[in-house]
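Observations on the model geometry
The chain contents come next:
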Amino acid sequence: MKRSARITIHPEAIQHNLKRAKQCAPNANVFSVIKANAYGHNAVATAGILYPHTDAFAVSCIPEAVVLREAGIDLPIKVLQGHQNSDDLHIAAEMDLRLMVHDVHQLTLLDHYSKKHQFDITLKVDSGMHRLGFQPEHIRTLFNKLKNHSQVNPENIMLATHFSSADDVESNTTLDQINTFNKACKDINVPKSLSNSAGVLAWKEAHADWIRPGIMLYGSSPFSNKDRDALDLQAAMTFEAPVISVHSLKKGDCIGYAKSWQCPKDMTVAVVACGYADGFPRHAASGTPVWINGKNTELLGRVSMDMIVINANEYTDNPIKVGDWAELWGKNLSVDSVAQKAETIPYEILCNAGNLRRN
Ligand SMILES: Cc1ncc(COP(=O)(O)O)c(C=O)c1O
C-alpha cells in the first residue's frame, strides 16, 4: 500500500558519481556495489543506470545476484559473501557468477561439487579487518590449491581484501592493511581488489586493478569530516513527505512522545507525514535538519511511527502550509547530515528508507 512519503531516484546523479570513482582511479576497473537492493535504490534499476559505464557488479549473496540475472543483467557479478551451500554453487554455475572464497567450508563445498564447472573465484585475504578472509600466511598455499583445482577457472582468480577504517585518513590502519595484503600476495600475478568508496577517494595506493565503490555511487560521503559537495558527489535519492497540519503552540508547550521538546516561545509548527515506519530514523534528535520551502528548518521532539513535527517559524515570506512537501534528505539536504543527528550512518538510513518505500 502506498503511503504519502515518496522517494525519487536520480539516475544522472548515480552516473555522475560513478564517473567520479573512475576519475579517482583511472586505471582500475569497477565493480559497482549494488548489494542490499543497491543501498535501497533498487538493484535492478540501478544496475540498468550503471550498466553502460561499469565493468561489473558486486552483491552480497546469491539471491541478490539471481535478481539481476533474471532482469537480464549480463555483466560479471561478484558475490561478496560467496557460496554458502551446494545449491549456491549450482546457481553460480548456471548463472555464471563470480564467487568470493573466504572460508574452508567453501573450499570443501568446491571439492565435493559433483558437476563439471570451473568457477571464477576471488580469494579473500584477511588483512586486518578480521571479518571475512584467510590469514595472510595461508594465501600462497591456498592460491596454488585453487589454481590447480579442477572446479576453478585458473584464468580468472582474483585476490581481494576489505578495509576496516579507510574513512579514517589520519590512522595508519589502512596503510598497514595495504602492506599486509601486498605482502601476502607478493609475486602472485592476478588481478587484485582492495578499495571501497573511502579507499577510492582517499587511498590511491589501494586502487589496484579493481575498485569496489558503494556508498559514493549513491552520493553520500564515507568521511565524517568531508561532505558530499567537497567530494563532488550528487544525491541519488530524494526522500520527501507532505505537511498534513500547521498549527500554533504556546511557550512552554511540549511536543510529541515523552514531551521531549519544549517550546521556548509561542511558535508555529508543522507536522510532516513521515516517521520511522517510512524509514526516517527513529533516533533523529531534535534539531535534525529538514528542508522545506527553500531552506532548512529543524525537527522538534521525537520521531513517531508515521509523523514528525518541524519548526515552521521564520517562514514569513513563504509560510509553510498543508500540502507543502518537506525534503527529509536529497538534492538540497545531505543524508549524511541527517545520519549524524541520528547517530547512525547514511548506509543504514538509505537501506531502511529505500527498502521500505516502493513507489
Ligand atoms: C567487501 C565490500 N566491498 C565494497 C563495499 C562498498 O563499501 P562502500 O559502500 O563503503 O563503498 C562493501 C560494503 O560494505 C563491502 O562489503
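Residues numbered from 1 in each chain as written. Predicted model: local features only at pLDDT ≥ 70, side-chain atom pairs only at ≥ 80, totals over all residues. Heavy atoms only, no water.

A few points about unusual backbone geometry
Generally, phi is negative for residues other than glycine and the peptide bonds are trans, each holding for most cases. The following threshold applies: By definition, any uninterrupted DSSP run of H or I lasting at least four residues is a helix, any uninterrupted run of E lasting at least two residues is a strand, and each is numbered from the N terminus.
Phi is positive for D96, which is not a glycine, with a value near 55°. If you trace the backbone, D96 turns up in the loop between α5 (86-95) and β5 (98-101). Phi is positive for E314, which is not a glycine, with a value near 60°. Relative to the helices and strands, E314 resides in the loop between β16 (308-311) and β17 (325-329).

Considering the site of the ligand
The criterion, for reference: Think of it this way: one heavy atom of a residue within 4 Å of a molecule or strand is enough to make that residue near it. The term polar contact refers here to a pair of N or O atoms within 3.5 Å; inside protein, the definition further demands a hydrogen-donor-capable atom paired with an acceptor-capable atom, and it admits residues adjacent in sequence only when both atoms are side-chain atoms. Reported accessibility uses the Shrake-Rupley method at a 1.4 Å probe radius. Residues are deemed covered only where the shown protein chains occlude them. Each residue is assigned to one of three groups, with Ala, Val, Leu, Ile, Met, Phe, Trp, Tyr, Cys and Pro labelled nonpolar, Asp, Glu, Lys and Arg labelled charged, and all others, Gly among them, labelled polar.
As a structural note, the neighbourhood of the ligand is formed by 14 residues, with Y39, S197, G214, I215 and Y347 the closest of them. One of the side-chain N or O atoms of R131 is found 3.5 Å from an oxygen atom in the ligand. Protein coverage of the free-state accessible area of the ligand, which is 390 Å², stands at 91%. Broken down by class, the residue content of the shell around the ligand amounts to 6 nonpolar, 4 polar and 4 charged.

Side note on the nonpolar core
Test applied: Here, nonpolar core means buried Ala, Val, Leu, Ile, Met, Phe, Trp, Tyr and Cys residues that are tied together by side-chain atoms lying within 4.5 Å of each other. Burial classification: accessible surface area is computed with a 1.4 Å probe over protein chains only, and a residue below 20% of its type maximum counts as buried, one above 50% as exposed, and the rest as partly exposed. We call two residues in contact whenever any of their non-hydrogen atoms come within 4.5 Å of each other.
Judged by nonpolar contacts, the single largest core of 111 residues is most densely connected at I34, F119, F280, I308, L328 and W329. For this core, the element with the highest residue contribution is strand β7 (residues 152-160), accounting for 5 residues. Beyond its immediate stretch of four places on either side in the chain, F280 contacts F239, C274, G275, T288, L299, V303, I308, L328, W329 and V338. Grouped together as the second largest cluster of nonpolar side chains are 9 residues, L249, C263, V269 and V309 included.

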